[in-house]
Amino acid sequence: MNNFNEKVILLTGASSGIGYELAKALDQKGAKLALVARRANLLNKLNNELSGKHLILSGDLSDNIFCKSIVTNTNKHYGRIDIIINNAAISMNASFADTKPEVFKKLMDVNYFAPLTISQNAYPFLKKTQGSLYFISSVVGKRGFPTRSGYSASKFAVQGLFESLRSEWQSDNIHVGIISPGFTDTNIQNKALDADGEQRQKRGKTTGRVMSPNKASQLIINAIQNKRREVILTAAGKLVVQFNKFFPKTTDKIVTRSIG
């Protein structure tokens, strides 16, 4: 069954990586998309690769006003909102002791406060359609990783938000879910911020098999279609989360391999 045909879906981080693959797959399934990212040229290029009919919303997700506007503009354009996919995120790879405070703030603004603001403003529209709200998080939002402290903290915050809204909004028939990829072959690694807030332009080490963004998007779509509540995408990610419950000291040694 195709649960996405004619559904209005707001997707952040649509211009690259998992978001790019999600946009292509949802377009093929007949969804009406509101595509959100910072760079309008990449969004327009993507829209031209697709059916060309989708709403383009470019701007900075660290801007609270922009986050509010993409929700109202999506509803105004399509007349409804059925699904929100909070996918956009930025990462870091730097020593905690050396990282400037503004780097941590930027990570929280984009990774936590942006989806929070989007979700809060989308509430009346999702309540009306009995829609779905999804957060694309990370395995590091379930188990902290060295040199990813700010990224882990922001994703732990998303996990807490998800759990709260899942309970709070169930009486409104709004489905809330969270999906946690493990290491995925996207530019988020190259664009990870260093201690000064500059893009590293260098991939960090990974643990376990790296998943392709296409495969990740397929699993995410399957999870949303089946209204899964919580999914960890990679076998290595599931193993780390489970192992950490019983053998935290050993898990410390395992995740330390990701430093660099």
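What you see is a predicted model, and the numbers here were worked out from it, not measured in a lab. (Residues numbered from 1 in each chain as written. Predicted model: local features only at pLDDT ≥ 70, side-chain atom pairs only at ≥ 80, totals over all residues. Heavy atoms only, no water.)

**Student:** Account for the pairing of strand β4 (residues 83-86), naming residues and giving values.
**Tutor:** Neither face of β4 is exposed, since I83 and I85 on one face and I84 and N86 on the opposite face are all buried. Sheet analysis places β4 next to strand β5 (residues 132-136), joined by four bridges and oriented parallel. The residue bridging I84 from the neighbouring strand is L133, located in β5. What joins β4 to β5 is helix α4 (residues 101-129), and the crossover it makes is right-handed. (Buried < 20%, exposed > 50% of the residue type's maximum accessible area, 1.4 Å probe, protein only. Helix = DSSP H or I, 4+ residues; strand = E, 2+ residues; numbered from the N terminus. Pairing = 2+ DSSP bridges. Right-handed = clockwise from strand over helix to strand, strands pointing away.)

**Student:** Describe the pattern of salt bridges, and please don't skip the residues or the numbers.
**Tutor:** This structure, assessed with the given rule, holds nine salt bridges. Notably, a salt bridge pairs K105 with D109, separated by 2.9 Å at the nearest N-O pair. Pair noted here: K105 and D109 are both in helix α4, with a separation of four residues, about one helical turn. What makes K105 exposed here is its relative accessible area of 54%. (Salt bridge = Lys/Arg side-chain N within 4 Å of Asp/Glu carboxyl O.)

**Student:** Residue-level account of the side chain of S119, with values.
**Tutor:** Here S119 lies in helix α4. One polar contact links S119 to N86, side chain to side chain, over a distance of 3.3 Å. Not counting residues up to four positions away in its chain, the partners in contact with S119 are N86, L133, F135, L165 and W169. (Polar contact = N/O pair within 3.5 Å; in protein donor to acceptor, adjacent residues only side chain to side chain. Contact = heavy atoms within 4.5 Å.)

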